[in-house]
Amino acid sequence: MAIEVIEPGLATSIQDEGRPGYYNVGVPPSGALDLYSAAAANALVGNAPTAAVIESAYMGPKLRFTEPAVVAVTGADIPVLINGASAPSWESLDLKAGDELSFGILAGGARIYLAIAGGIDVPVVLGSRSLYALGAFGGFDGRALQAGDVLPVGAGAGRMGRSLPTELRPQFGKEVDVRIVLGLYDYRLTDEGLSSLVDRPWQLSPVADRIGFRYSGNTLKWKDRKQPFGAGSDPSNITDAGYPVGSIQVPGGIEPIILHRDAVSGGGYAQVGTVISADMDLVAQSAPGAMTRFVPVSLDEALAARALAKARRAEMIAALS
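Predicted, not measured: the structure shown is a model, and the values here were computed from it. (Residues numbered from 1 in each chain as written. Predicted model: local features only at pLDDT ≥ 70, side-chain atom pairs only at ≥ 80, totals over all residues. Heavy atoms only, no water.)

Can you walk me through unusual backbone geometry in this structure?
Both trends apply: most residues other than glycine have a negative phi, and most peptide bonds are in trans. Each neighbour pair has its own omega, and for glycine 183 with leucine 184 the value is 5°, a cis peptide bond. The residue leucine 184 is located in the loop between β12 (175-182) and α2 (191-199) in this model. At alanine 11, a position not held by glycine, the phi torsion is positive, near 50°. Checked against the element boundaries, alanine 11 lands in the loop between β1 (2-7) and β2 (13-15). Positive phi outside glycine occurs at leucine 126, with the angle close to 55°. Structurally, leucine 126 can be placed in the loop between β10 (108-116) and β11 (150-152). Judged by relative accessible area, which is 37%, leucine 126 ranks as partly exposed. (Helix = DSSP H or I, 4+ residues; strand = E, 2+ residues; numbered from the N terminus. Buried < 20%, exposed > 50% of the residue type's maximum accessible area, 1.4 Å probe, protein only.)

Structure follows, in structure tokens:
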């Protein structure tokens, strides 16, 4: 079967769990920004967690199905429409040949996930079907979806009648606490600068995409020093270092940027902290205007949060199996 793209939505791409293992040569992991929602969508239709799904930001696509299909929509709070009639999210849905799936106006969150039984069957590149737009590879023809595209779907019967329990569905608020581990270069901040980072809320700007999420509202102060050879003149410059996914850099000391799954792997800005892995989905579902507090935690607390997130995902998979 195939899916015809009538309207592409916004920044709509094909993503799976990503391509780890190539960051050391400059290829980021890519993959769904909200991995939990993508995994839930796959589980709802009976796919393996590695199956490719459709990800959109803020505005969903309009699609026509050429054959019967089982689908599920998860992620952001947005009305789901089948031939113009309301349909539930976080449930498996049965579509007939010729049915059109579309979306209403976003009410909460930021990113929408659509899984189809069988998965989107685009070529595997470096172990993943995920689009890496800056590299122009993966996904559908190495780019975001466009009107007129026809997406191939793999074989899969799908499973009807599945619904994720409400208590396992994430909630997306307009005020969020994002946990971070400070470092590697937080020592470069003055006491006032560090307080500005973690004691005051930041507002997510409209500059929020798969590469990075930029925040505004405060200013950080850096300690005076003579810049080392090889570093730029900006007080936040360093000689080059690697960037972990989730690292926070603050060019000019003004606007923190959380680097997400399509970000470069290194550069010359100081990383004042790193978002813990358990909260990266939360960042992904933050919409512009969301007020965010960066909450410092220890490495032990970060590891405990990761274990809890892993257990919650396992509970979700078990609830749908």
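Help me understand the sheet that holds strand β6 (residues 80-82) in this model?
Strand pairing in a sheet relies on backbone hydrogen bonds. The paired strands run either parallel or antiparallel. Spatially, the six strands line up as an open sheet ordered β7-β6-β9-β4-β1-β11, and their pairing is antiparallel. Edge positions in the open sheet fall to β7 (85-87) and β11, since each of these has one partner strand only. Between one strand axis and the next, the sheet turns by 30° as a mean value, whatever way the strands run. Bridge count for β6 against strand β9 (residues 100-103) is three bridges, and the pairing is antiparallel. Opposite valine 80, over in β9, you have phenylalanine 103 as the bridge partner. (Pairing = 2+ DSSP bridges. Axes fitted to C-alpha atoms, helices over the stretch in contact; angles between N-to-C directions.)

What should I look at first to understand the sheet that holds strand β16 (residues 247-249) in this one?
The seven strands lie next to each other as β12-β19-β16-β17-β14-β13-β20, forming a closed barrel whose pairing is mixed. If you compare each strand with its neighbour and ignore which way they point, the axes differ by 40° on average. For strand β13 (residues 202-208) and strand β20 (residues 291-296), the ladder comprises two bridges, and the chain directions are antiparallel. If you follow tryptophan 202 over to β20, its bridge partner there is threonine 292.

I'm lost on the packing of aromatic side chains in this one. Help?
Between two aromatic rings, the relevant description is the distance of the centres plus the angle of the planes. For the structure on display, the rule yields three aromatic pairs. For the pair tyrosine 185 and tyrosine 187, a centre-to-centre distance of 6.2 Å together with 40° between the ring planes defines the contact as tilted. Where tyrosine 215 meets phenylalanine 294, the ring centres are 5.5 Å apart and the plane angle is 75°; that geometry is what we call edge-to-face. Remark: phenylalanine 294 occurs in strand β20 and tyrosine 215 occurs in strand β14 (residues 212-216); sequence separation between them is 79 residues. Both residues of the pair, tyrosine 215 and phenylalanine 294, count as buried. A cation over an aromatic ring shows up here: arginine 312 above the ring of tyrosine 36, its NZ or CZ 4.5 Å from the ring centre. (Phe/Tyr/Trp six-rings, centres within 6.5 Å; stacked < 30°, edge-to-face > 60°. Lys NZ or Arg CZ within 6 Å of the ring centre and 35° of its normal.)

Can you help me understand helix α1 (residues 35-45) in this one?
Along an α-helix, residues three or four apart share an orientation, since each turn contains 3.6 residues. Among the eleven residues that make up α1, ten are buried, leaving the element largely enclosed by the rest of the structure. Among the residues making up α1, those that are buried are Tyr36, Ser37, Ala38, Ala39, Ala40, Ala41, Asn42, Ala43, Leu44 and Val45. Lining the buried residues of α1 we find β3 (53-57), β5 (69-77), β8 (92-95), β10, α3 (280-284) and α4 (299-320). The backbone nitrogen of tyrosine 36 has a side-chain oxygen 3.3 Å away, supplied by the residue at the start of α1, namely aspartate 34. Where α1 terminates, the next one or two residues include glycine 46, which has phi positive at roughly 90°. (Contact = heavy atoms within 4.5 Å. Polar contact = N/O pair within 3.5 Å; in protein donor to acceptor, adjacent residues only side chain to side chain.)

How do you make sense of the pattern of salt bridges when you look at a structure like this?
Think of it this way: side chains of opposite charge can pair up when their charged atoms draw near. The full count for this structure, using the stated rule, is eleven salt bridges. The partner of arginine 64 in a salt bridge is glutamate 100, with the nearest N and O atoms 3.0 Å apart. Separated by 36 residues along the polypeptide, arginine 64 in strand β4 (residues 62-65) and glutamate 100 in strand β9 bring together distant segments of the chain. One salt bridge connects arginine 214 with glutamate 255, and the closest N-O pair in it is separated by 3.2 Å. With arginine 214 in strand β14 and glutamate 255 in the loop between β16 and β17 (257-259), this pair connects stretches of sequence that are 41 residues apart. Given the relative accessible area of 25%, glutamate 255 is considered partly exposed. Overlapping salt bridges, with partners in common, bring together Glu4, Lys62, Arg64 and Glu100 in one network. (Salt bridge = Lys/Arg side-chain N within 4 Å of Asp/Glu carboxyl O.)

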